[in-house]
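# Notes for the structure review
These are the residues of each chain, in order.
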Amino acid sequence: MLDFNDKRGFICDMDGVIYHGNQILPGVAEFIQWLQEEGKEYLFLTNNSGYTPRELRQKLARMGLEVPEEHFYTSALATAAFLKEQAPGCSVFAIGEAGLLNALYDAGITMNDVNPDYVVVGEGRSYSLDTLTKATNLVLGGARLIGANSDVSGPIENGIAPACRALVAPIEMATGTQAYFCGKPNPLMMRTGLRLLNCHSGDAVMVGDRMDTDVVSGMESGMATVLVLSGVSTPETLKTYAYRPTAVLNGVGDIVRLAREARG
């Protein structure tokens, strides 16, 4: 069994692990308190590109959780970092929320709806048939297609919502172009997470509610992995994958319980 006391760094997904919509999940307050009291390095790594780290900090604060801004890293930041590395000063047509737009601006990337270098798609309410049509024609005109993350759906309070992969799919189908996705399980995002933690993969744990993004990204990065059943996955989900997480728990509160039991 995994001894969480021996691990120095924790990378945690947010949707389905920390909260559903605006509802905090059981055991989360105890888990964050344990991370802070034990002096663990921790990072909340979310594929949701809609929020800035400041907004995520404020969202948790409204739920009674105090987590400093530097403990958040999003697929929007990963996307902006990738584009800055690939094509410094490039221009994009972006479909998304403040989290994505701010990250792109901060990376020195400009908005362009005439002849952009890239079409970048994240989650967001600005997604419509008009923006979809615009994006499709820009890609046909030579813009390269980027998705902030490859999540097909995400948990919300009353079910699930289509996520970035589902929103990019119509553009891919209409243009015959494959998007490149920057969020989990892209190893670039995981390596950045470990670098921000200043932690070796062997000393770190990836905690998430999805086999296809969280568990596979942690496993392929050499980390121990925990699948929590507080989000989209069920015990039945495990049967459809050829790989296994290191541990399967009901929620992050179990990490605290097991760490204390291991200490006796």
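Remember, it's a predicted structure, so these values are computed and weren't measured experimentally.

What follows is about the packing of aromatic side chains. Summed over all chains, the structure comprises eight aromatic pairs. With 5.4 Å between their ring centres and 55° between their planes, Tyr241 and Tyr243 make a pair best called tilted. One aromatic cluster in this structure is built from Phe4, Phe10, Phe31 and Trp34. We note Lys59 situated over the ring of Tyr19; from NZ or CZ to the ring centre the distance is 4.2 Å. A cation sits over an aromatic face here: Arg144 above Tyr118, 4.5 Å from the ring centre.

Tracing the sequence through the fold places Thr225 in strand S14 (residues 224-228). Other than its neighbours up to four places away in sequence, Thr225 contacts Met206, Val215, Gly218, Met219, Arg244, Pro245, Thr246 and Ala247.

Okay, the environment of Leu83 next. Tracing the backbone shows Leu83 in helix H3 (residues 75-86). Along the primary structure Leu83 and Ala163 are separated by 80 residues, whereas in three dimensions their C-alpha atoms are 21 Å apart. Discounting chain neighbours no more than four positions away, the residues touching Leu83 are Pro88, Cys90, Val92, Leu104, Ile109, Tyr118, Val120 and Ile146.

Looking now at the pairing of strand S6 (residues 91-95). Of all the five residues making up S6, five are buried; the element is thus mostly covered by neighbouring parts of the structure. Residues Ser91, Phe93 and Ile95 line one face of S6 and the alternating positions Val92 and Ala94 line the opposite face, and both faces are buried. Sheet analysis places S6 next to strand S7 (residues 110-111), joined by two bridges and oriented parallel. Each bridged residue has a counterpart across the sheet, and for Ser91 the counterpart in S7 is Thr110. Where the polypeptide runs from S6 across helix H4 (residues 98-106) and back to S7, its parallel neighbour, the crossover connection is right-handed. Where S6 and strand S8 (residues 118-121) come together, four bridges link them in parallel fashion. Bridge pairing in S8 links Ile95 to Val121.

Reading the values: rules and limits
- Residues numbered from 1 in each chain as written.
- Predicted model: local features only at pLDDT ≥ 70, side-chain atom pairs only at ≥ 80, totals over all residues.
- Heavy atoms only, no water.
- Phe/Tyr/Trp six-rings, centres within 6.5 Å; stacked < 30°, edge-to-face > 60°.
- Lys NZ or Arg CZ within 6 Å of the ring centre and 35° of its normal.
- Helix = DSSP H or I, 4+ residues; strand = E, 2+ residues; numbered from the N terminus.
- Contact = heavy atoms within 4.5 Å.
- Buried < 20%, exposed > 50% of the residue type's maximum accessible area, 1.4 Å probe, protein only.
- Pairing = 2+ DSSP bridges.
- Right-handed = clockwise from strand over helix to strand, strands pointing away.

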